[in-house]
Amino acid sequence: MLSACASLMPPPINVGEPEASVVAKLGRPTARIPDNNGYLLEYSRNPWGQAIDMARFSNDGRLISYEQVLTTEKFATIKPGISTKTEVVRAIGHPSETSYLPRLQLEVWTYPYKENGVWNSVMHVHFNNNGIVNKMENGPDLRFDRDGKFGFGGW
């Protein structure tokens, strides 16, 4: 029983740890993202896990911070008309899914997450053809709809 809990809760990691130690504890990252003052290791649990953990490292390979980034606070750092695709990936990681709205000429990146740690939600980040955030839209994640209103689940 205890070994099952250990696999769900990785060992704690500490600021200052080298990358090799963090990877040994957390496993292989889903992405490595260059950053201006170092790099990020992305640990995505999407599409169903509704979370992306980001380990930020300095240029010398030491852990600076480790946090779950699909939060209202992190989404608020993305500025329509200003933020680029690169900045979005650095802030909240890679999307769980992408799509394109040809009539509007917008690329849409989708991020399922637990809004305020409670509600099954999805954030859609829309980019114009220049790769700049055009708008962001938040709504319920219909994959978790149990009342059957939208034709998903509920059976």
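Structure: above.
Residues numbered from 1 in each chain as written. Predicted model: local features only at pLDDT ≥ 70, side-chain atom pairs only at ≥ 80, totals over all residues. Heavy atoms only, no water.

### Brief notes about the sheet that holds strand E4 (residues 63-68)
Okay, step 1: Reading across from one edge, E1-E2-E3-E4 is the order of the four strands in this open sheet, with antiparallel pairing throughout. Of all the strands in the sheet, just strand E1 (31-35) and E4 have a single pairing partner and so form its edges. The mean angle between the axes of side-by-side strands here comes to 20°, regardless of whether they run parallel or antiparallel.
Okay, step 2: In this structure, strand E2 (residues 38-44) lies alongside strand E3 (residues 52-58), joined through seven bridges in antiparallel fashion. (Pairing = 2+ DSSP bridges. Helix = DSSP H or I, 4+ residues; strand = E, 2+ residues; numbered from the N terminus. Axes fitted to C-alpha atoms, helices over the stretch in contact; angles between N-to-C directions.)

### Topic: the nonpolar core
Okay, step 1: Formed by 20 residues in total, the largest nonpolar core has its most connected members in Leu70, Phe75, Val88, Ile92 and Tyr111.
Okay, step 2: Those elements that provide at least two residues to this core are E1, E3, helix H4 (85-92), strand E6 (106-115) and strand E7 (119-127).
Okay, step 3: Broken down by element, the residue count for this core peaks at four residues, all from H4. (Core = buried A, V, L, I, M, F, W, Y, C linked by side-chain atoms within 4.5 Å. Buried < 20%, exposed > 50% of the residue type's maximum accessible area, 1.4 Å probe, protein only.)

### Examining the sheet that holds E6
Okay, step 1: Sheet architecture is open: four strands sit in the order E5-E6-E7-E8, paired in antiparallel fashion. Every interior strand has two partners, whereas the edge strands, strand E5 (97-101) and strand E8 (133-140), have only one. Going across the sheet, the axis of each strand differs from the next one's by a mean of 25°, ignoring polarity.
Okay, step 2: Taken strand by strand, H4 contacts E6, E7 and E8, and its axis lies near 15° from that of E6. (Contact = heavy atoms within 4.5 Å.)

### Overview of the packing of aromatic side chains
Okay, step 1: Applying the stated criterion across every chain, the model contains four aromatic pairs.
Okay, step 2: Residues tyrosine 39 and phenylalanine 57 carry aromatic rings whose centres are separated by 5.2 Å and whose planes lie at 10° to one another, so their mutual orientation is stacked. Pair noted here: tyrosine 39 is in strand E2 and phenylalanine 57 is in strand E3, with a separation of 18 residues, a long-range link.
Okay, step 3: Residue classification places phenylalanine 57 among the buried positions, given a relative accessible area of 1%.
Okay, step 4: Sitting over the face of the ring of tyrosine 39, arginine 32 holds its NZ or CZ atom 4.0 Å from the ring centroid.
Okay, step 5: In this arrangement the basic side chain of lysine 85 is found over the ring face of phenylalanine 127, its NZ or CZ atom lying 5.8 Å from the centre. (Phe/Tyr/Trp six-rings, centres within 6.5 Å; stacked < 30°, edge-to-face > 60°. Lys NZ or Arg CZ within 6 Å of the ring centre and 35° of its normal.)

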